[in-house]
Every structure is written in structure tokens, then in C-alpha cells.
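# Residue-level structure breakdown
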2 protein chains.
Amino acid sequence: MKCKRCKEQAVVGLPSHNAAFCEPCFLGFFRKQIETAIRRQKLFTHEDRILVALSGGKDSLSLMLELGELGYDVTGLHIDLGIGESSRKARAKVEAFCEKHGFALRVAEMEKEGLPMPLVKQHIKRPICSVCGKVKRHYFNRIAREGGFTVLATGHNLDDEVARLFANTLRWDVSYLSDQGPKLPAEEGFASKVKPLFRLSEYETAHYAFLKGIEIHSDPCPFSSGASFTSHKLLWSELEHRSPGQKFNFYESFLRQGRPAFAQLEKEQGAELHSCPDCGSPTSTDLCGVCRVRAMLAEKTGA
Amino acid sequence: MKCKRCKEQAVVGLPSHNAAFCEPCFLGFFRKQIETAIRRQKLFTHEDRILVALSGGKDSLSLMLELGELGYDVTGLHIDLGIGESSRKARAKVEAFCEKHGFALRVAEMEKEGLPMPLVKQHIKRPICSVCGKVKRHYFNRIAREGGFTVLATGHNLDDEVARLFANTLRWDVSYLSDQGPKLPAEEGFASKVKPLFRLSEYETAHYAFLKGIEIHSDPCPFSSGASFTSHKLLWSELEHRSPGQKFNFYESFLRQGRPAFAQLEKEQGAELHSCPDCGSPTSTDLCGVCRVRAMLAEKTGA
């Protein structure tokens, strides 16, 4: 296989782009996809202060490195979930990565916040993954707001986005379908949220991280049975194999034709938000979801 | 396995309904699904004159038999596509079925209309299935209108509908998503179109036809590589296996939450219709699609 651009020996084959690339041309392709995403979706500018959520996995670290190399004003944010050895290893990878590349990093420790995940798991009946996601989003948003960041960036890739869109579509969930996408504009109490890797597949970010020699945290979470939406991702990899490019087309035509229809409907039906009296985060209930979990834990553990 | 209703030995297992039935209770279940469809979606009443499209397959003949037994005013309509032995066999099955049950039947012969499919296939560049579908819908609608029928019923089952909905969703095709469903109300030049089997799976209609001893035409069309949307149907049978009931939930929540969003959008953007100068059918182009094909054939064959 020859590189589509320079005709050298290719190292990465990308059927969805009907292309194969050598290492330098693949890295160029990868960057171009991010630049196209930023430009076409107006994700942010060089004037923005960008907080990048870093789990320690291939996607978030790859995103951080690219945005840094592109000269954006980026600061890392790691949520230490307090899940024993697993969290210690993830945090160490993030700290070493930021140290190596000279990136500023903030760490929010759930232990100190009274929300270590093992304790939450012990006292809560809902699936832990949904509570953990809620807690992470809460601190992403709160630290962005309190730190004066204008943009919060996450490493969601095309496969993540397509699997989530598919799950929302199976239920035709209007409130999720109305605002899924690579950019959620800033609103009262919320920083703008962006996903600059939405044009790149998991396969592509994994290759990028490997070629750039990024040391990643790849152990699965001990509380989760594996990556989220695993079965939907398998199904979509079949669809993509059958018809290369279908994943991106599904997502892109949703943004163009699907989302506007749901956004219109949600505008007419959506819930109103106010500030949580405990932490100031926007919420549609009295106390916000995370402050409710924290209050429940404090009561149960007598803290 | 015991029958869910009467505890006799079951002959049909239906995981999506968390049930199994003996023969009489399955036939009762089958009828109830049709009655529920007619009532909840207001498909038609005993005052309507219903034209039922009969291909000779399990779905259309099962639908005709049930509607007849429920006392509705039904007339069969068969389109003889003129595809040699295959069409002769299909037509013979339909004629024998209507004869046996005393149903009125109309037959539209594409040979006489100047549109036999082998000739169409020979002179057209598009995939024959899409042209054949267009021709069938054209004559369904035209014969319904000219014969004073108020409703046109087709045998599309849940699997057909879900596969089609899925294909439309993959492309987020607003014009198709805005009106897919078990009922398209009558409009200027169009009879109301209904799909009373939309709550029943292919597996269920096949069992019904078998238990009722209906002689069906089951040979695949010689011009088609097989049933339509075959790969989507396979994918959905996997999803259904993983999570019984998911197929129906996908379709039903689309009707409740998805379609209204697209209908609103389409209302603002849709094309206007007028009457075809040749045949009077509603069309958004000058001559309607079928009259254009007929004119082209007449020119090429010097007819």
C-alpha cells in the first residue's frame, strides 16, 4: 500500500477516507481533521482559554497534544475519582504527560470533595457509571466556570459520538437529540463544550497516540464492564465495514438535518434552569444532582 | 413451554412480548395486534371501502384474510408485473386465494399498460426495484382513486417498517422521516394509505399464514437479489435478540417523538403538487414519474 499523498510506503489504511498514509502524512491528515472541525463548527479561537478534560486515555491526551502544538491556550483538568490503584495510575500518566510537554494541569480530587467513587458505589442504587459521568461533568463545568475558562474540550471521537447518537436515536430521545453535537454553546452558568476529535475514529486516535509515543492509561475501569456503548460500537463497525464512510455520514447528516428538527421541538418543551443553592451550578431540580449525592453520603456516613 | 394465556402446550414463542402461545391463543394475539393498530392509529372504520394490495406473499394475504374475517369492506388488488413465470405464479396464488375466500379482486396488467418490467429493465439505467416500486405505488393509488376506495392497505410488517425507518434515519432524510408511519391520511389525489400489520413481525405473519393454511407465493423476484433491506433486517434481528422489544420500541417512539419533529420541518420546506396532465396523478414534476417511463418506452420501442 502506498501513501495517498506522497506515494511512500503507507503505515495506516483508512478505508472510510478511501486512503492510506505514511507516518508524516497521517499526522498531517490527523491535524487537518481537527483544524477542519474547529473551523467548520466554529469551536473556538486562539483568544479562548480552553480547559481540556484529561482522563489519561488515548483520546484526551492526543487532543491536548494537538491543541498545544497548534498554539491554543490549553490547561489540563484531571478528575481523580479515588478508585484505588486504577485512579492512581491514571493520574500519574496525566501528570507525567503534562510535565513532559509543559502543560498546566488542575486536578480535582473526589476523595477531598466527599465523593470518592467506591463510597458512592456502596451507597447508591443506580448504575455507578451514570453517577460517575454526572460527577465528572459537574466538576468539568464548575472548574471551567470558576477558573474563568471560556471553553471546555473533551476527547470524544467519532465512534463515541456515533454510538451515543445511535443510543439516543433508538429511543428517539428529543432532549438528548436536540443538543448532541461537537459544540454546545456557552449558556448562563455553563462554559461552551466542544469535541474537536469528532471527525476522527477511535482507530485513528489510537494510531496517532502510538505514533506520537504518548504513554496512555489503557486499563479498563474496575467498576465498569468495559468501554461505554460497546455493543453499539461493534454494530457500527460492521455497518462501516459494509459501507465505508457511513459512520461519518450518519453523524454529519444528523447535524445538518436531524438536530435542527429536534432543537426546534425542545425549544418549545425544554425545562427551565436555576442555580443550585449549594454549589451554584445550573439545575432543573432544587439541589443539583451531585450536591444531592454528596448530602446523601454525608448523612449515611455521619460525616 | 406453556401458553401464556391458557397454559396448554405452546407452539409459538414470542420473546419480544415475553410470551408463548398455543395455536388458538396465537391467532387471538395476532388479531388483537391488528385491532389495536386500527383503533390506536385510527386507520379506518367499517364505513371505509378498503383496497388491499396483494402481492401473493404471506403478509398481504394474511392481512386480507384478517380484515375480511373482521367484517371490513375489502377488495384485493394485484399488480401483474409481467415478469414471465414468476408473475404468472404469483397471480395464480392471489386468484386462488380470493376465489377460495370469496374476496373481490382487481388485477392491473403492466403488459397491457405498456409497462412490463422486463421491458422497463431493458431500457432504464436506474435500479429496477426503485422503478418497480414507483410503478406499483402509482397503480395502487390510481386504482384506489378511480375505483372510489377511501383506503389503500398494504401488508408491511414491523420488520419492513423498522428496516425502512433505519435506512431513512441513517441518511436523516427529512422528507421520508416526516411521513413514515402506519397511516398517511388522504390528500387531494391520494387515498389514505395504511399498514395494519405494523405491530407484527415477519416471524409472526409467517406463523399466522402457516397456521391458517394460506398458500403463498414465496419465490424471490428474479430481478431482485432478495428481500429489500436484507442487511438492515439482519442487524435488527441481532438488536432484537439482545434486547427483546427493541424493534417495536424504536418504531413506536419514532411515531411519538421523532416524526412530529420532522413533520414540522417538512411542512415549512416541502414541495407543492399538481395533477399529471397524462394520468391525473399528483406529482411535483411536469409529467408524473410513471408516465415519463411509459413515454420513454413508447419512443424506444416505436409503440
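Residues numbered from 1 in each chain as written. Chains lettered and ligands numbered in written order. Predicted model: local features only at pLDDT ≥ 70, side-chain atom pairs only at ≥ 80, totals over all residues. Heavy atoms only, no water.

It is worth spelling out the domain arrangement of chain A at this point. Residue and element names in this part refer to chain A. Looking at chain A, the domain boundaries give domain 1 (41–270) and domain 2 (273–303). Computed over C-alpha atoms, the centres of domain 1 and domain 2 are 23 Å apart. With 19 residues of domain 1 in contact, the opposing surface of domain 2 contributes 14 residues. Interface area for domain 1 against domain 2, summed over the two sides, is near 1300 Å², with a carbon-plus-sulfur share of 69%. It is Leu115, His123 and His138 that lose the most area in domain 1 upon contact with domain 2, and together they represent 36% of the buried surface on that side. Our count for the contact surface shared by domain 1 and domain 2 stands at 0 salt bridges. Taken together, domain 1 and domain 2 are joined by 3 residue pairs in polar contact (both at pLDDT 80 or more). (Domains from an automatic or database assignment. Contact = heavy atoms within 4.5 Å. Buried area = accessible area lost by both parts, 1.4 Å probe. Salt bridge = Lys/Arg side-chain N within 4 Å of Asp/Glu carboxyl O. Polar contact = N/O pair within 3.5 Å; in protein donor to acceptor, adjacent residues only side chain to side chain.)

Listed by partner, the interface residues are 25 residues for chain B and 24 residues for chain A. Both sides of the chain B and chain A interface together cover about 2000 Å² of buried area, and 70% of this is carbon and sulfur. Among the residues chain B hides against chain A, the three largest losses belong to Leu170(B), Trp172(B) and Gln257(B). Together they make up 32% of the total. At the boundary of chain B with chain A, the tally comes to 0 salt bridges. The tally of links between chain B and chain A comes to 8 residue pairs in polar contact (both at pLDDT 80 or more). Residue assignment for the side of chain B that touches chain A shows that the elements contributing at least two residues are helix 6 (158–170), helix 9 (230–242) and helix 10 (246–269) of chain B. Looking at the side of chain B that touches chain A residue by residue, the classes come out as 13 nonpolar, 8 polar and 4 charged. (Helix = DSSP H or I, 4+ residues; strand = E, 2+ residues; numbered from the N terminus. Nonpolar A, V, L, I, M, F, W, Y, C, P; charged D, E, K, R; others polar.)

Okay, the relation of the copies chain B and chain A next. In screw terms, the move from chain B to chain A is a rotation of 180° and a rise of 0.0 Å along the axis, fitting with an RMSD of 0.0 Å. Taken together, these values place the two copies in the relation of a two-fold axis. Distance from the rotation axis, computed per C-alpha, reaches its smallest value in chain B at Ala261(B): 2.6 Å. (Least-squares fit on C-alpha atoms with pLDDT ≥ 70 in both.)

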